[in-house]
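Okay, here's what each chain looks like letter by letter:
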Amino acid sequence: AATAPLLQVEDLEAGYGPINVLHRLHLTVYPGEIVAIIGANGAGKTTTLMTISGIVKARTGRILFQGRDLVAEKIPAHDIVRLGLAHAPEGRKIFPRLTVRENLDLGAFTRRDPQGVAEDLEKVFTLFPILRQRQHQLGGLLSGGEQQMLAIARALMARPRLLLLDEPSLGLAPQVVVQIFQVIRELNRQGVSVLLVEQNARMALKHAHRGYVLETGRVTLTGTGEELLHDPRVRAAYLGE
Ligand code: ATP
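Residues numbered from 1 in each chain as written. Predicted model: local features only at pLDDT ≥ 70, side-chain atom pairs only at ≥ 80, totals over all residues. Heavy atoms only, no water.

Enquirer: Give a detailed account of the pattern of salt bridges, specifying residues and quantitative values.
Expert: Summed over the entire model, instances satisfying the criterion amount to 16 salt bridges. Across the salt bridge formed by Asp231 and Arg233, the nearest N and O atoms sit 2.9 Å from each other. Accessibility expressed as a relative area gives 54% for Arg233, which makes it exposed. Three or more residues are tied together by salt bridges with common partners; here these are Arg111, Asp113, Glu119, Asp120, Lys123 and Arg159. (Salt bridge = Lys/Arg side-chain N within 4 Å of Asp/Glu carboxyl O. Buried < 20%, exposed > 50% of the residue type's maximum accessible area, 1.4 Å probe, protein only.)

This is how it looks when you write it as structure tokens:
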């Protein structure tokens, strides 16, 4: 029997003011998957994640998460987090004037299980030892890579089943990018499904089980990470070949 999707997006339309950015978008994430969305600047990748996490309002369509329709039920963003769907925005969006520890505590703001939160803090510090060392420093004083780690760690403090990651490799040195993707793989092994958006198509497709190519708010290609890495259209448009 086929496994039920964890996340199923159907016919999704969203945008800003009079402008529609997403046009009948479809995508699916199955439990246990890492799924990548690649596409050019302005294709609508960030908007897709923001709409799924309830920050940008969907105009039409369905966002089914573990069987609940987030659009039809008009579930607000903080309740979406509570359902198990956390969003790590692009790395510079941490709170620079709060300490690392305070940033992490905010990631757990929806939770009422202090024991579980303490366990997850320990897990996050094991995953990112540098954050343990820096826990009393201001977020704004961290390096770009450390801020990205903090953004991911903060989202993990919600104990999500599905983690949305916006451009985890943006602006980072190549060895830091490798480290971030190793952590994503490790999280995934621990049972967290991941939907990530990347400009770094090669890295994203190398690590993703499946991927979607987004062009002006539409899915134009989909396949396994491997298939897309070898697709001549992807190679020409996104892999610089
Ligand atoms: P990038 O990698 O540049 O972030 P993207 O694929 O993530 O690209 P989006 O950020 O989703 O694309 O942007 C899609 C379109 O929506 C672009 O034309 C952008 O100018 C527009 N847009 C994004 N945010 C807003 C906003 N807050 N108000 C108005 N238009 C916006």
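Enquirer: Hey, could you go over the sheet that holds strand S2 (residues 19-29) for me, with residue numbers and the actual values?
Expert: The antiparallel open sheet is built from 4 strands, whose spatial order is S2-S1-S4-S5. Looking at which strands have only one partner, the edges of the open sheet turn out to be S2 and strand S5 (68-69). (Pairing = 2+ DSSP bridges. Helix = DSSP H or I, 4+ residues; strand = E, 2+ residues; numbered from the N terminus.)

Enquirer: How would you explain the packing of helix H3 (residues 100-107) against helix H6 (residues 144-156) if you had to name every residue and give the values?
Expert: Running from N to C, H3 and H6 cross one another at 35°; their axes reach a closest spacing of 7 Å. Judged by the sense of rotation from one axis to the other, the crossing of H3 with H6 is right-handed. Here H3 contributes Val100, Asn103, Leu104 and Gly107 to the contact with H6, which in turn contributes Leu150, Ala153 and Arg154. For the contact of H3 with H6, the class distribution of residues is 4 nonpolar, 2 polar and 1 charged. (Axes fitted to C-alpha atoms, helices over the stretch in contact; angles between N-to-C directions. Left-handed = near helix turned anticlockwise from the far one by under 90°. Contact = heavy atoms within 4.5 Å. Nonpolar A, V, L, I, M, F, W, Y, C, P; charged D, E, K, R; others polar.)

Enquirer: Run through the site of the ligand, naming residues and quoting values.
Expert: Every residue lining the ligand is accounted for by Tyr16, Val21, Ala40, Asn41, Gly42, Ala43, Gly44, Lys45, Thr46, Thr47, Glu167 and Gln199. Between Lys45 and the ligand, the recorded distance is 2.8 Å, taken from a backbone N or O atom to an oxygen atom. The greatest single-element share of the shell around the ligand, amounting to 3 residues, is contributed by helix H1 (residues 45-52). Counted by class, the shell around the ligand contains 4 nonpolar, 6 polar and 2 charged residues. (Near = heavy atom within 4 Å. Polar contact = N/O pair within 3.5 Å; in protein donor to acceptor, adjacent residues only side chain to side chain.)

Enquirer: A description of the nonpolar core should follow, citing residues and the corresponding values.
Expert: Across soluble globular proteins, nonpolar side chains show a tendency to be buried alongside one another. Counting 52 residues, the largest nonpolar core has Leu104, Leu131, Leu163, Leu196 and Val234 as the members making the most contacts within it. If near-sequence neighbours (up to four positions away) are discounted, Leu131 is found in contact with Val100, Phe125, Leu142, Glu146, Met149, Leu150 and Ala153. Within the second largest apolar cluster, 29 residues are counted, among which are Val21, Val35, Ala43 and Ile75. (Core = buried A, V, L, I, M, F, W, Y, C linked by side-chain atoms within 4.5 Å.)

Enquirer: Tell me what's going on with the pairing of strand S3 (residues 34-38), and back it up with residues and numbers.
Expert: The element S3 is largely enclosed, with a buried count of 5 among its 5 residues. Of the two faces of S3, both are covered, the one formed by Ile34, Ala36 and Ile38 as well as the one formed by Val35 and Ile37. Direction of pairing for S3 relative to strand S9 (residues 210-215): parallel, over a ladder of 4 bridges. From the neighbouring strand, Ile38 faces S9, where its bridge partner is Val213.

Enquirer: Mind laying out H3, listing which residues take part and the relevant values?
Expert: Val100, Asn103, Leu104 and Gly107 are the residues of H3 that are buried. Looking straight down H3, one finds its buried side chains confined to an arc of 95°; they lie on one side. Structurally, H3 contributes buried residues whose contacts are with helix H4 (114-127), helix H5 (129-133) and H6. (Arc of directions from axis to C-beta.)

Enquirer: Account for the packing of H6 against helix H7 (residues 174-189), with residues named and values stated.
Expert: Here H6 crosses H7 at 15°, and the two axes come no closer than 10 Å. In terms of orientation, H6 and H7 fall into the roughly parallel class. By crossing handedness, the relation of H6 to H7 is classed as right-handed. Contact residues: H6 offers Gly145, Gln148, Met149, Ile152 and Leu156, while H7 offers Val176, Gln179, Ile180 and Leu187. (Parallel < 35°, antiparallel > 145°, perpendicular 65-115°, else oblique.)

Enquirer: Give me the sheet that holds strand S10 (residues 218-224): which residues, what numbers.
Expert: A sheet is described by the order of its strands in space; here 6 strands give the open sequence S6-S7-S8-S3-S9-S10, paired in mixed fashion. Edge positions in the sheet fall to strand S6 (85-88) and S10, since each has one partner strand and no second. Averaged over all pairs of adjacent strands, the angle between strand axes in this sheet comes to 15°, irrespective of strand direction. The sheet contact formed by S6 and strand S7 (residues 162-166) spans 4 bridges and is parallel. The residue of S7 that forms the bridge with Ala88 is Leu165. Contacts from H6 reach S6 and S7 within the one sheet, and its direction differs from that of S6 by about 165°. Sitting on the sheet, H7 is in contact with S3, S7 and strand S8 (193-198), with an inclination near 155° to S8.

Enquirer: Tell me about the confidence of the model for the protein chain, residues and numbers included.
Expert: On average, the protein chain scores 95 in pLDDT, and the residues at 70 or more come to 99%. This complex was scored by the predictor with a pTM of 0.94 and an ipTM of 0.91. (pLDDT = per-residue confidence, 0-100.)

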